[in-house]
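In case you want the letters, here they are:
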Number of protein chains: 4
Amino acid sequence: MYSFRNDYSEGAHPRVLQALTDTNAVQTVGYGMDPCCREAADTIRRLCAAPDADIQFFVGGTQVNLVTIAAFLQPYEAVICAHTGHIHVHETGAVEATGHKICAVESPDGKLTPGLVESVLAAHNGTEHMVLPRLVYLSDTTEVGTVYTKAELTALRRCCAAHGLLLYLDGARLGSALTSPANDLTLPDLAELTDGFTIGGTKNGALFGEALVLPRSLPHLRWHMKQRGAILAKGRLLGVQFQALLTDGLYFNLARHANEMALRLRDGMEALGIPFPVPSPSNQQFPVLPNGTVERLQALGYEFEIDHPVDAGHTCIRLVTSWATPESAVENFLRDLAAISG
Amino acid sequence: MYSFRNDYSEGAHPRVLQALTDTNAVQTVGYGMDPCCREAADTIRRLCAAPDADIQFFVGGTQVNLVTIAAFLQPYEAVICAHTGHIHVHETGAVEATGHKICAVESPDGKLTPGLVESVLAAHNGTEHMVLPRLVYLSDTTEVGTVYTKAELTALRRCCAAHGLLLYLDGARLGSALTSPANDLTLPDLAELTDGFTIGGTKNGALFGEALVLPRSLPHLRWHMKQRGAILAKGRLLGVQFQALLTDGLYFNLARHANEMALRLRDGMEALGIPFPVPSPSNQQFPVLPNGTVERLQALGYEFEIDHPVDAGHTCIRLVTSWATPESAVENFLRDLAAISG
Amino acid sequence: MYSFRNDYSEGAHPRVLQALTDTNAVQTVGYGMDPCCREAADTIRRLCAAPDADIQFFVGGTQVNLVTIAAFLQPYEAVICAHTGHIHVHETGAVEATGHKICAVESPDGKLTPGLVESVLAAHNGTEHMVLPRLVYLSDTTEVGTVYTKAELTALRRCCAAHGLLLYLDGARLGSALTSPANDLTLPDLAELTDGFTIGGTKNGALFGEALVLPRSLPHLRWHMKQRGAILAKGRLLGVQFQALLTDGLYFNLARHANEMALRLRDGMEALGIPFPVPSPSNQQFPVLPNGTVERLQALGYEFEIDHPVDAGHTCIRLVTSWATPESAVENFLRDLAAISG
Amino acid sequence: MYSFRNDYSEGAHPRVLQALTDTNAVQTVGYGMDPCCREAADTIRRLCAAPDADIQFFVGGTQVNLVTIAAFLQPYEAVICAHTGHIHVHETGAVEATGHKICAVESPDGKLTPGLVESVLAAHNGTEHMVLPRLVYLSDTTEVGTVYTKAELTALRRCCAAHGLLLYLDGARLGSALTSPANDLTLPDLAELTDGFTIGGTKNGALFGEALVLPRSLPHLRWHMKQRGAILAKGRLLGVQFQALLTDGLYFNLARHANEMALRLRDGMEALGIPFPVPSPSNQQFPVLPNGTVERLQALGYEFEIDHPVDAGHTCIRLVTSWATPESAVENFLRDLAAISG
């Protein structure tokens, strides 16, 4: 019937595809040195109120994370990360493969706090016998759907400043975060409060693409990129897509739609008495269902990820919506679920 | 006027773009586990007469080279490569960044021979004080436009077998190689004679994409890929493009056109008395021009790479044609060049 | 007065130094290919009842750990380790610097159990999006002084066999472990139950040196060693020292003395009412003292490490004894402590 | 009879061994933070007239090379090195294993010149598609026995300054270099002209040990050392040995003796008409002998390395002398050789 498996099940939003078609025959230089990338970078700088920011475009999320983190760090420096962090769990040790340790810390809601950051620092004695924690990795939305408030991010910024730490925010789902009802952050806030963050395109309307925003440029970043195979030959494809997404607020409108579909799912399921132990105000929802219900939904053709078993009779699943999720898919799902549960 | 700078100045061939548009709204699973990738992989296996081959799709050439070479080798093993090899010169130390040494050897025409391979082996004593050369890296076409014959590749295969070496062929410009007048190799030959080779899409009609063909699969290759950020979330984009390219011989027709445009450039320039010290039967041509001629061509708006200065008065330039090069661009260039030279 | 800071505060036991002096003028080949290393390796094989074992000698503990673990693993494979594990805490990310992730798990007493190992496995889904946990790292004694029983190690061996895991035991303090009153393991047990373990010389009478015992040899291990700078030019120094240590039971006698000194410290302090929250039957003791007592001991000239603050008024310190600790140092310390506490 | 295989066939000079014996029972802190290392470092700073230099002690040559080079470089930076350079040929890819490319250049005598350095720079275009050559690696003596003059090293320093390059000198055989009749360099010259150099102990009287002299300290070098397993637990052993070697000129006297033995070998062999194609004024000599002569010397029990076959009938061998080579060994060898050749 419909797949709520993730937010990259389809291709691109039609306006993005149209922009690729419109520019297809033009000749440009390669590797992102073209006018399309310059235009998109200018747009991002303007939206971020960060006229001096360096903007680089990457094809994927693991790629931008591993390149940027490796570029920020010296060999003996480490990353502080929530235990749910994407780089810690779902990137096959990509950061460690560049030589850096990740110091993971348990977090109840996928978010870091100054207290959690300082608990990692307290376990390190500053001598040459231990790594030096140096970069704090956040994701917004987090891997469990939660979002940071401006107060929370400001507190982390102050904590980082006090301890000489860098702050990097993985925005693979930044559109969903910034348009969540729980959000009060803006792009200019992120440019002011972080040392680097990404604007995820892959999960919000692009064929692929993550824009990296560095308020202060990193020397020789493009050498790091090339060495890791992270410069796209026809780099303009990234510029064209981001420019299309960031024109007339398309990026935010798409994310807002994804959130609305997710919250409608949540509200509908809560009305059926289904619990959501970790509340999420964004496009990933984690309900706990009886195992039989899970099986009957699957039998009807619905697709979604099994997050984890909760107890002998219940399973936490993950439902993800996107810019492409039609209202009818949500309504059908809720109707079928009501029928199963009734 | 026209850019002969490289063969990735435009987007995709219209049939590739159309295939992306046609499949845009379909939901599939991610990471290349989808029906489009399966179909394209089946097509490649059929064209290669290699029913057991493992086929994986990558976004770019540096990416596929670094991942595959790192997956083939143990930490103390090294690569044998011509001194012009792309991995040795133009990938920012990507192979070394995975920990492996490249043993480069001077080659007059960008090609390796059993004699050159054995000269590298002879310089290594097989003890733990030296790296173990283990993989031979070829490119076809080479970085200077030359192509391998079946006899040459067969001799290299025998050399590798005799010395326990792996043979990997970088086919970023494989279309141009296989449709060159100097070629007598086929895809099934490559599947029989190498341990791995790539079919380059980026430089022959795709938006991006390199297909890796492994006649015998490498254990856990996809873990290597993910760890290096080399699995595309919407992996189907690669399958869709390769399936379009490999339908009705489009891939070979596009490459044949590129070669024809290049050879027409070469023949026209030779008729003007311009020398080509390293003869190339493929889509890259390396003429030597008087410096003044180079400047006047640039002043007319032609774009191309400066390969290297030859002497005080002459420069070797690189002219690259592609599937998208119109005949008119070639004719205009030759006409303008004749006027300058006349 | 005396330093209980660690068990490598002095040089070598006189018999070790004498052996170095006796062989000083002999010419041998380098890199550990000499008769002294062969003799010591034969001795170790005999003591381990492992006639086919590969024995290699390393200068230090971090070195042997990083080389061996990197040699055991493919790039996408990870290490399972207690959160107190030396490689996780005190080796400056040496394992990660070779590209491998460490999956640390909380352990109450520094020891791993099948349950803890399986909890790590359960958090990994076996797909290419996560690392593959592949090697279990133990230390015996552990970093908190505890030791494994034969039943415990056998259970871990079975767990590893069931899940296709390698078992590696860091024996930097193996002498203390094997002579502890809590121990029932032997060298032959270790050769049978692990895939590799070390016999630590540095902390038990040698100037330096760790012997690696591999019941089944690892291909090309010496290439890994050389590449990491871990082959000593005058490798025979390691063979000479280990042969001296393993002659007439010297190694075990030294360790037994260290344990006796530690247990006398423990018993004497317990008689004064001082608590040891984590009981240790080996040469590291972790008493909790009032802060004032700590300061007065330091003022008297005693040296020891501060392990961690316990509460506002108490500190856990680490006292380490060695083969070189004189009984008088223990008696003086206990007498001074009694005077302070009285 | 006697081994001219290398200069690390014996243990330590008796005064070094005595110093280790004298200090054996003293308790010190570990890891090279002890008074012995401080004293030796002070001595080295004084001898180098470099009061602000950072001095660190390492166990071996591959270790100090790989740690220091990795600490000097960013990931995309490369090393310039003669094709005979130890790091390029005989360290099993240790530098590449830290991620860095080595750009080797043919050198007729094992030495680099500004011209050779600039030929490497000329092959790199300064863009992100190529590595950035950043550090020049020299060895003195070189791997073929030659030594640098002050004029040569000054020219290289100027070349490095002009191009923003670092200059690192591997002094594994620095004693032999500085006492060679062809030498006019001093330790203060090296401290002034390089960014880092080593004083080799292993091949000149120590059990082991290389002292690294950094005229300007490298931030966090000790973190790099620890991460690579390159901090010795009983670090004082290195300080004790270097202090003994540098007292009363022992280090230079030992090297001078080694050179005298080598030059006597050379002069005696030249008197027999034996050619030395690459002249060496230091403790390694490379004569070319008839194959039959080589075999008869071996049959007499002389040991040496075969460097390379020269033609069907002749072989280049390597003879190495050391502080421990007795005059009688040289005389016997020359007498036996005369008998064979006569």
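In this numbering scheme, every chain counts its residues from 1 along its sequence in written order. Both sets of labels track the order of writing: A upward for chains, 1 upward for ligands. Thresholds applied to this predicted model are a pLDDT of at least 70 for local features of residues and 80 or more for the giving and counting of side-chain atom pairs; totals over whole chains, interfaces and linings are not thresholded and use all residues. Here the side-chain values reflect all heavy atoms present in the structure, with hydrogen atoms and water set aside.

Trainee: I'd love a proper account of the environment of Glu39(C), names of residues and values included.
Mentor: In this description a helix means any DSSP run of H or I spanning at least four residues, a strand means any run of E spanning at least two, and both kinds are numbered starting from the N terminus. For Glu39(C), the location among the structural elements is in helix α2 (residues 35-47). Sequence separation between Glu39(C) and Val89(C) is 50 residues, and the spatial gap between their C-alpha atoms is 35 Å.

Trainee: Describe the interface of chain A and chain D, with residues and values.
Mentor: Where interface size is quoted, it is often the accessible area lost as the parts come together. Taken residue by residue, the interface counts 20 residues in chain A and 20 residues in chain D. Here chain A meets chain D over a buried area of about 1900 Å², counting both sides, of which 57% is carbon and sulfur. When the buried area of chain A at its contact with chain D is split by residue, Tyr76(A), Glu128(A) and Trp223(A) rank highest and sum to 40% of it. Counted as salt bridges are all cases of a side-chain nitrogen of Lys or Arg within 4 Å of a carboxyl oxygen of Asp or Glu. Applying the counting criterion to the chain A and chain D interface returns 2 salt bridges. Glu128(D) is paired through a salt bridge with Arg222(A); the nearest N and O atoms lie 2.5 Å apart. Pairs of N or O atoms are called polar contacts if they sit within 3.5 Å, as long as, within protein, a hydrogen donor faces a hydrogen acceptor (for residues adjacent in sequence, only side-chain-to-side-chain pairs). Summed over the shared surface of chain A and chain D, the result is 10 residue pairs in polar contact (both at pLDDT 80 or more). The element best represented in the side of chain A that touches chain D is helix α10 (residues 221-227) of chain A, accounting for 5 residues. Under the convention adopted here, Pro, Cys and the residues Ala, Val, Leu, Ile, Met, Phe, Trp and Tyr are nonpolar, Asp, Glu, Lys and Arg are charged, and Gly plus all remaining residues are polar. Broken down by class, the residue content of the side of chain A that touches chain D amounts to 9 nonpolar, 8 polar and 3 charged. Here, residues are in contact when the closest pair of their heavy atoms is within 4.5 Å. When two parts are brought into contact, each loses some accessible area as probed by a 1.4 Å sphere; the total of that loss over both is the buried area.

Trainee: Before we move on, can you summarise the interface of chain B and chain A with the specific residues and values?
Mentor: Each partner contributes residues to the interface: chain B has 42 residues there, and chain A has 42 residues. Counting across the chain B and chain A interface gives 0 salt bridges. Taken together, the links from chain B to chain A amount to 28 residue pairs in polar contact (both at pLDDT 80 or more). For the side of chain B that touches chain A, the secondary structure elements donating two or more residues are α1 (14-22), α3 (61-72), α5 (94-97), α10 (221-227) and α11 (236-245) of chain B. Class assignment of the residues belonging to the side of chain B that touches chain A gives a composition of 19 nonpolar, 15 polar and 8 charged.

Trainee: A description of the packing of aromatic side chains should follow, citing residues and the corresponding values.
Mentor: Side-chain rings of Phe, Tyr and Trp (the six-membered ring for Trp) are treated as a pair once their centres are within 6.5 Å; stacked means planes under 30 degrees apart, edge-to-face means over 60, and tilted covers the remaining angles. Inspection of every chain in the model, using the stated rule, returns 38 aromatic pairs over all chains. When the ring of Tyr8(A) is compared with that of Tyr31(B), the centres are 5.6 Å apart and the planes differ by 70°; the resulting orientation is edge-to-face. Of the two residues, Tyr8(A) is situated in the segment before α1 (14-22) and Tyr31(B) in the loop between α1 and α2 (35-47); the pairing between them involves two chains. Residue Tyr31(B) is classed as partly exposed on the basis of its relative accessible area, which comes to 21%. Seen in terms of ring centroids, Phe57(B) and Phe242(B) are 5.5 Å apart; in terms of plane orientation they differ by 35°. Their pairing is tilted. On the criterion of sequence distance, the pair formed by Phe57(B) in strand β1 (residues 54-58) and Phe242(B) in helix α11 is long-range, its members being 185 residues apart. The rings of Tyr2(A), Phe4(A), Tyr302(A) and Phe333(A) are connected pair by pair, giving a single aromatic cluster. With a 1.4 Å probe rolled over the protein chains alone, any residue whose accessible area is under 20% of its type maximum counts as buried; one over 50% counts as exposed, and the rest are partly exposed.

Trainee: A description of the relation of the copies chain B and chain A should follow, citing residues and the corresponding values.
Mentor: Both copies of the chain are related through a single rotation about an axis accompanied by a shift along the same axis. Mapping chain B onto chain A is achieved by rotating through 180° and translating by 0.0 Å along the same axis, at an RMSD of 0.0 Å. The operation mapping one copy onto its partner corresponds to a two-fold rotation axis. Distance from the rotation axis, computed per C-alpha, reaches its smallest value in chain B at Arg228(B): 3.7 Å. An overlap of 100% is found between the interface residues of chain B and their copies at the interface of chain A, pointing to a shared contact surface. Superposing the copies works by least squares over the C-alpha atoms of residues that have pLDDT at least 70 in both of them.

Trainee: Go over α2(C) with me, naming the residues and quoting the values.
Mentor: Residue and element names in this part refer to chain C. Expected span of a helix, by definition, is 1.5 Å for each gap between consecutive residues, and there is one gap fewer than residues. The first and last C-alpha atoms of α2 sit 18 Å apart over 13 residues, in line with the 18 Å expected at 1.5 Å per residue. Where α2 is buried, its residues contact β1 (54-58), β6 (196-200), β7 (210-214) and α11 (236-245). Two or three places before Cys36, at the opening of α2, Asp34 has a side-chain oxygen 2.9 Å from that residue's backbone nitrogen. Of the residues flanking the end of α2, it is Ala49, one or two places downstream, whose phi is positive at about 50°.

Trainee: Report on the pattern of salt bridges, specifying residues and quantitative values.
Mentor: Within this structure, the stated rule accounts for 60 salt bridges over all chains. A salt bridge links Arg216(A) to Asp195(A); the shortest N-O distance between them is 2.8 Å. Of the two residues, Arg216(A) is situated in the loop between β7 (210-214) and α10 and Asp195(A) in the loop between α9 (187-193) and β6 (196-200); the sequence distance between them amounts to 21 residues. The exposure class of Arg216(A) is exposed, given its relative accessible area of 52%. By relative accessible area, which is 10% here, Asp195(A) ends up buried. A salt bridge links Arg157(B) to Asp195(B), with the shortest nitrogen-to-oxygen separation between them at 3.3 Å. Here Asp195(B) lies in the loop between α9 (187-193) and β6 (196-200) and Arg157(B) lies in helix α7 (residues 150-163), a separation of 38 residues in the sequence. Overlapping salt bridges, with partners in common, bring together Arg5(A), Glu303(A) and Glu305(A) in one network.

Trainee: Residue-level account of helix α12 (residues 250-271) of chain D, with values.
Mentor: Residue and element names in this part refer to chain D. With 22 residues, α12 ought to run about 32 Å at 1.5 Å a step, and its terminal C-alpha atoms sit 31 Å apart, in line with that. Of the residues making up α12, those classed as buried are Leu250, Tyr251, Leu254, Ala255, Ala258, Asn259, Met261, Ala262, Leu263, Leu265, Gly268 and Met269. Directly after α12, the chain includes Gly273, whose backbone phi takes a positive value near 85°.

Trainee: Can you tell me about the pairing of strand β2 (residues 77-82) of chain D, naming the residues and giving the values?
Mentor: All names here are of chain D. Counting buried residues in β2 gives 6 out of 6 residues, a clear majority hidden from the surface. Of the two faces of β2, the one carrying Glu77, Val79 and Cys81 and the one carrying Ala78, Ile80 and Ala82 are both buried. Any two strands are treated as partners once DSSP identifies two or more bridges connecting them. Sheet topology places β2 next to strand β4 (residues 132-139); 5 bridges connect them, and they run parallel. Bridge assignment links Ile80 to a residue of β4, and that residue is Val136. Two strands pair when backbone bridges link them, and β2 and strand β3 (residues 102-105) are joined in this way by 4 bridges, in the parallel orientation. Bridge pairing in β3 links Val79 to Ile102.

Trainee: Any chance you could break down the relation of the copies chain A and chain D for me, citing the residues and the numbers?
Mentor: For the pair chain A and chain D, the relating rotation is 180°, the translation along its axis is 0.0 Å, and the fit reaches an RMSD of 0.0 Å. Looking at chain A, 100% of its interface residues are interface residues in chain D too, so the copies touch through the same face.

Trainee: So what's going on with unusual backbone geometry? Residues and values would help.
Mentor: Residue and element names in this part refer to chain A. Between Asp140 and the following residue, Thr141, the backbone shows a cis peptide bond with an omega angle of 0°. With respect to the helices and strands, the residue Thr141 is situated in the loop between β4 (132-139) and α7 (150-163). Positive phi values are uncommon outside glycine, yet Asp248 reaches one of about 55°. Residue position: Asp248 is located in the loop between α11 (236-245) and α12 (250-271).

Trainee: Explain the sheet that holds strand β5 (residues 166-170) of chain B to me, and be specific about the residues and the numbers.
Mentor: By way of backbone hydrogen bonds, the strands of a sheet pair with one another, either parallel or antiparallel. All names here are of chain B. Pairing within the open sheet is mixed, and its 7 strands lie in the order β1-β7-β6-β5-β4-β2-β3. Strand pairing shows two members of the sheet lacking a second neighbour, β1 and β3 (102-105), which therefore form its edges. Adjacent strand axes in the sheet meet at a mean angle of 25° when their direction is disregarded. Two strands pair when backbone bridges link them, and β5 and β6 are joined in this way by 2 bridges, in the parallel orientation. Each residue of the ladder has a partner; that of Tyr168, found in β6, is Gly196. Comment: axis = line fitted to C-alpha atoms, over the contacting stretch for helices; angle = value between 0 and 180 degrees taken between N-to-C directions. The sheet contacts of α3 involve β1, β2 (77-82), β4 (132-139), β5, β6 and β7 (210-214), and relative to β5 the element is tilted by about 175°. Sitting on the sheet, α7 is in contact with β4 and β5, with an inclination near 145° to β5.

Trainee: Which residues make up the confidence of the model for chain A, and what values go with them?
Mentor: When pLDDT is averaged across chain A, the result is 97; 100% of the residues are at 70 or more. In the predicted complex, the global pTM is 0.97; the interface-specific ipTM is 0.97. The predictor attaches a confidence to each residue, called pLDDT, with possible values from 0 through 100.

Trainee: Provide a residue-level description of the nonpolar core, including the pertinent values.
Mentor: Residues belong to a common nonpolar core when they are buried Ala, Val, Leu, Ile, Met, Phe, Trp, Tyr or Cys residues joined through side-chain atoms within 4.5 Å. Ranked by internal contacts, the top residues of the largest apolar core, which has 127 residues, are Leu112(C) and Leu112(D). If we skip the residues at most four places from it in the chain, Leu112(D) touches Ile80(D), Cys81(D), Ala82(D), Val105(D), Val117(D), Val136(D), Tyr137(D), Leu138(D), Tyr148(D) and Leu156(D). In this structure, Val120(A), Ala191(A), Phe197(A) and Leu232(A) belong to the second largest nonpolar core, which totals 124 residues.

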